[in-house]
Amino acid sequence: MGKNLKLKSARAALGLSQKDVAEALGVTRQTINAVESGDYNPTIRLCVALCRLLDKTLDDLFWEDNENE
Amino acid sequence: MNKQNLDERQVSVKNKIGSQSFLLLAFLLFADAGLYGFGVRWLPYPANIVLILTACLFIFLVRTIRANAYAPPGQAKKNPYLVIAAIGAAVAAAAAVAFLFGKDAGAGVPAESGGGLILFIISLVMIVVVGVVLVVKRRQG
């Protein structure tokens, strides 16, 4: 599984750090880092929470295409 | 999501480490039983079993802490090496007690008396360690 660059860019566009996102969602910074680096597949619950926080859709953040590889 | 519980990745990692530690424990116990069949007694019973159990427990705790799957996200940053030091002290105490009483058991003392005492003392040590860790957590919190 490749890196999730869409998630990273969406987070950076709002000026949020991994720690900010983690604290907002009640997870650890390492979890957000693992999702962005492709080392961990989040549950749909975490995916939806991320989408709500970053004001994006599931397709915007998690649909795999050539950009994520 | 509840910050006082482990998050989903932490639960997944902890379960993985737990499964591997359980398999390691089973492997070591089978290996010990196999060696016993060949006449190799590296430690008298029950010191060998106690040492294998505490070693696997120690490995599980260290790997869990290193993988950041020990403390939930909402918990304040604490020094995890306090826990490792406490567990290490428990392992050292258990090994020392097992060694000291294990020698007596091997010298002709009935195994039942030595084994029961060893397990009782180790249980007390574990309870003391858990109590110390809880007190430290409460003070740091």
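Fair warning: this is a prediction, and the values are worked out from it, not measured in the lab.

### Concerning helix H1 (residues 8–37) of chain B
Then comes step 1: With 30 residues, H1 of chain B extends 44 Å from end C-alpha to end C-alpha; this agrees with the ideal 44 Å at 1.5 Å per step.
Then comes step 2: Residues of H1 of chain B that are buried include every one of Glu8, Arg9, Gln10, Val13, Ile17, Ser21, Leu25 and Asp32 of chain B, and no others.
Then comes step 3: On its buried side, H1 of chain B packs onto helix H3 (29–37) and helix H4 (44–54) of chain A together with helix H2 (47–66) of chain B.
Then comes step 4: With a side-chain oxygen positioned 3.1 Å from the backbone nitrogen of Arg9 of chain B, the residue opening H1 of chain B is Asp7 of chain B.

### Some thoughts on the packing of helix H2 (residues 18–25) of chain A against H3 of chain A
Residues and elements named next belong to chain A.
Then comes step 1: Where H2 meets H3, the closest approach of the two axes is 8 Å, and the angle between their N-to-C directions is 115°. Taken together, the axes of H2 and H3 are roughly perpendicular relative to one another. Both H2 and H3 take part in a crossing whose hand is right-handed. On H3, the residues that touch Gln18, Lys19, Val21, Ala22 and Leu25 of H2 are Arg29, Ile32, Asn33 and Glu36.
Then comes step 2: The residue makeup of the contact of H2 with H3, split by class, is 4 nonpolar, 2 polar and 3 charged.

### Topic: the nonpolar core
Then comes step 1: The biggest cluster of nonpolar side chains holds 16 residues, and the ones touching the most others in it are Leu7, Leu25, Val27, Ile32, Leu46, Leu50 and Leu61 of chain A.
Then comes step 2: Within the residue set of this core, elements represented by two or more residues are helix H1 (5–13), H2, H3 and H4 of chain A.
Then comes step 3: In terms of residue count, the dominant contributor to this core is H4 of chain A (5 residues).
Then comes step 4: Those residues in contact with Ile32 of chain A that sit more than four places away from it in its chain are Gln18, Val21, Ala22, Leu25, Val27 and Leu50 of chain A.
Then comes step 5: The next biggest cluster of nonpolar side chains, apart from the first, holds 5 residues, and it includes Val13, Ile17, Phe60 and Leu61 of chain B.

### What to know about the interface of chain A and chain B
Note on interface size: it is often stated as the accessible area lost on association of the parts.
Then comes step 1: Taken together, the contact pairs 14 residues of chain A with 9 residues of chain B.
Then comes step 2: Both sides of the chain A and chain B interface together cover about 1,000 Å² of buried area, and 58% of this is carbon and sulfur.
Then comes step 3: Seen at the junction of chain A and chain B, the total is 6 residue pairs in polar contact (both at pLDDT 80 or more).
Then comes step 4: For the side of chain A that touches chain B, the secondary structure elements donating two or more residues are H2, H3 and H4 of chain A.
Then comes step 5: For the side of chain A that touches chain B, the per-class residue count stands at 7 nonpolar, 5 polar and 2 charged.

### Some remarks on the pattern of salt bridges
All names here are of chain A.
Then comes step 1: Inspection of the entire model under this criterion finds 1 salt bridge over all chains.
Then comes step 2: Taking the shortest distance from any N to any O, the salt bridge between Glu36 and Arg11 comes out at 2.5 Å. Of the two residues, Glu36 is situated in helix H3 and Arg11 in helix H1; the sequence distance between them amounts to 25 residues.
Then comes step 3: Glu36 gets classed as buried once you look at its relative accessible area, which sits at 7%.

Parameters and conventions
Residue numbers here run from 1 along each chain, matching the order of that chain's written sequence. Naming scheme: in the order in which they are written, chains are lettered from A and ligands are numbered from 1. Predicted model: local features are reported for residues with pLDDT of at least 70 only, side-chain atom pairs are reported and counted for 80 or more only, and whole-chain, interface and lining totals are derived from all residues. As a convention, hydrogens and water are excluded, and side-chain values are obtained from all of the structure's heavy atoms. Counting from the N terminus, the helices are the DSSP runs of H or I reaching at least four residues and the strands are the DSSP runs of E reaching at least two. Here the expected length of a helix is defined as 1.5 Å per residue gap, with one fewer gap than residues. Here the term buried applies to any residue with accessible area under 20% of the maximum for its type, exposed to any over 50%, and partly exposed to those in between, with areas from a 1.4 Å probe on protein chains only. Should any heavy atoms of two residues lie within 4.5 Å, those residues are counted as being in contact. Distance and chemistry together define a polar contact, namely a pair of N or O atoms within 3.5 Å, with one atom able to donate a hydrogen and the other to accept it when in protein, and with adjacent residues in sequence counting only for side-chain atoms on both sides. In this analysis, axes come from line fits to C-alpha atoms, helices being fitted only over the stretch in contact, and the angle between any two N-to-C directions falls in the range 0 to 180 degrees. An angle counts as roughly parallel when it lies under 35 degrees, as roughly antiparallel when it exceeds 145, as roughly perpendicular when it falls between 65 and 115, and as oblique in every other case. Two helices that cross are described as forming a left-handed crossing if the nearer one is turned anticlockwise from the farther one by less than a right angle, and a right-handed crossing if clockwise. Only Asp, Glu, Lys and Arg are considered charged in this grouping, and only Ala, Val, Leu, Ile, Met, Phe, Trp, Tyr, Cys and Pro are considered nonpolar; every other residue, Gly among them, is considered polar. In these notes, a set of buried Ala, Val, Leu, Ile, Met, Phe, Trp, Tyr and Cys residues joined through side-chain atoms within 4.5 Å is what counts as a nonpolar core. We define buried area as the total accessible area lost by two parts upon association, computed with a 1.4 Å probe and summed across both. In the sections that follow, a salt bridge refers to a side-chain nitrogen of Lys or Arg positioned within 4 Å of a carboxyl oxygen of Asp or Glu.

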